[in-house]
Amino acid sequence: MKKLWKEKQAEIFLLAFFGVFHIFMHTDYWDDAYFMKIWKQYGGDMIAYTKMRYEVWSSRIFIEMALAGIAALPNVVWKAADVGMVLLLFWDLEWLLKNIFGIGDKKAGCLLALFLCAYPFSTMACTGWMATTMNYLWVVSLGLYAGNRMLGVVVKGERPSALQTVLAVLAALYAASFESMAALLFAAALLAIGWQAGKKQKKAPAMLWLLLAVGAGMLLYILRCPGNQLRPLKDADIWMPEFFELHFWDKVRMGTVTAFMHFVSIPSPVFFMVSALCLAGVVWKKEKRAYRVLAACPVVLDMAWSLYFLGCYLRGSRVFTYQVPKPLLTGGADTWEQVALLVSLAVWIGTFLTSVYRICGQKRLFFISLAVLAVGCIPELVVGLTPTVVTSMLRTVIYLYMSFILIGVCLCSELRPLFDGKWAARAALYACLGAGIVLNVLQLVRHLLVYG
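Residues numbered from 1 in each chain as written. Predicted model: local features only at pLDDT ≥ 70, side-chain atom pairs only at ≥ 80, totals over all residues. Heavy atoms only, no water.

A count of helices and strands for the protein gives 20 helices and 0 strands. Taking 22 Å as the expected radius of gyration for a compact globule of 452 residues, we find that the protein reaches 22 Å, a close match to that expectation. For the protein, the spread of C-alpha atoms along the principal axes amounts to about 65 × 60 × 50 Å. Considering the protein as a whole, with its 452 residues, one finds that 52% of them fall into the buried category. Within the protein, contacts between residues at least 6 apart in sequence are counted, and of these 79% link residues at least 24 apart. Mean positive and mean negative side-chain charge positions of the protein (41 and 26 charges, respectively) differ by 10 Å. (Helix = DSSP H or I, 4+ residues; strand = E, 2+ residues; numbered from the N terminus. Rg over C-alpha atoms; globule rule 2.2 N^0.38 Å. Buried < 20%, exposed > 50% of the residue type's maximum accessible area, 1.4 Å probe, protein only. Contact = heavy atoms within 4.5 Å. Lys, Arg positive; Asp, Glu negative; His and termini not counted. Charge placed at Lys NZ, Arg CZ, Asp CG, Glu CD.)

Written out as structure tokens, the structure reads:
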């Protein structure tokens, strides 16, 4: 047992942490209640069900078939599978840290587990636990699994076995049922094949061609889906009647501002951590005063906006929940608030990237972090182009959270001498992560008490 704990303490901690909460999760309300009736309603005929959804609502074929099937089984099946997806997500991120970032020690694995426990998991219940996790957590976990297999070929020169190929294709079929993940996997496979073609003596494995075919096939299926053309009309009527008055840049603004407001309207420990690590790293590396001032900007902006929204709540002008901007700019306080948020976000991005660049001893790590952050932003920008941005952003930010977690562990690794050498710095790091986990627990408990 001691040996097992020593080797797998991060996985055991995650299993215990998320396993306890899954015991009390109910799947009998909102979208979960709908999917629990599907199997009986269609007599197990998933082809007829899929045809109906394709024509009137959604192209997420394999996700919704799995949803209908799992919803018909005892709850324990979904709960066990969902905890398994959390572990798979941990292994996916750990693989990236080890093979792409070059960070493979056990301390990094433990930090990764703590960061994941600080992620606000209650957002995975905003349409029901089962429906949300299977559309977002499972998509991210399985999408990363397929992506990592492609990276293994490109970066490590791996030749995937038949079993690895089958697993990667199955994972991609599920993940690519989600629109933005289909585009990401298709682009990744295309780039991987192009990279292999650039190595004249390297032939692209069959797995890459199969994943490219999956990505292309799912994208075509998504683009041709009648339901995807009808759904915005219904969603706009429900969530954003002003949607068809918005221009393209208005939609980009909505996606950008809504995502930033998510992280600052209710304090996000993960967002605060990566911001604070920038300041700690630049100060510890004894950079010039100008760089220290720039490094202070991310955490100051985060705290300033959180205090602002807290003040609005105390004055009674806001509710204590994640905030969303108004779709149309009509002047007045809301317009100026959105302008200030956009300026703040631009400053945050510029100063954050500048600080990460100064901290990373190997500039390769900076460019990897930049790529990870850019990929994490894509789904948020995509959902900003839809009328469900005000509701979907709450769960779509899982992509950005995973980017921040990877960058956060990378920064901690770069600052390892600081944390190993000064107990106060180490105590501050674990205190912040501990506070984030406590906040996550409080949010989970509140949701379980109110909804189940």
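Moving on, there is more to tell.
At a minimum axis distance of 10 Å, the contact between helix H7 (residues 129-156) and helix H9 (residues 179-198) shows a crossing angle of 5°. In terms of orientation, H7 lies roughly parallel with respect to H9. Two secondary-structure elements touch here, H7 through Val139, Val140, Gly143, Ala146, Gly147, Met150, Val153 and Val154 and H9 through Met181, Leu185, Ala188, Ala189, Ala192, Trp195 and Gln196. (Axes fitted to C-alpha atoms, helices over the stretch in contact; angles between N-to-C directions. Parallel < 35°, antiparallel > 145°, perpendicular 65-115°, else oblique.)

Right, let's get into a positive patch on the surface. On the surface, Arg159, Lys199, Lys202 and Lys203 cluster together into a patch of positive charge. Of note, Arg159 is situated in the loop between H7 and helix H8 (162-175). (Patch = residues over 30% accessible without salt bridge, like charges linked within 9 Å, V, L, I, M, F, W, Y side chains within 5 Å. Areas by Shrake-Rupley, 256 points an atom, 1.4 Å probe, with all protein chains shown as cover. Salt bridge = Lys/Arg side-chain N within 4 Å of Asp/Glu carboxyl O.)

Counting 143 residues, the largest nonpolar core has Phe101, Phe121 and Trp129 as the members making the most contacts within it. Top element by residues in this core is H7. It accounts for 15 residues. (Core = buried A, V, L, I, M, F, W, Y, C linked by side-chain atoms within 4.5 Å.)

Now for the environment of Phe419. Residue placement: Phe419 occurs in helix H19 (residues 416-421). Classification of Phe419 by relative accessible area gives buried; the value is 8%. Taking C-alpha positions, Phe419 is 8.0 Å from Leu429, a pair spaced 10 residues apart along the chain. Residue contacts for Phe419: discarding those within four places in its chain leaves Leu277, Cys412, Ala425, Arg426 and Leu429.

Among the structural elements, Ala168 can be located in helix H8. It is 9.8 Å that separates the C-alpha atoms of Ala168 and Leu144, two residues lying 24 residues apart in sequence. With residues near it in sequence (within four places) discarded, Ala168 still touches Tyr145, Ala146, Arg149, Met207 and Leu211.

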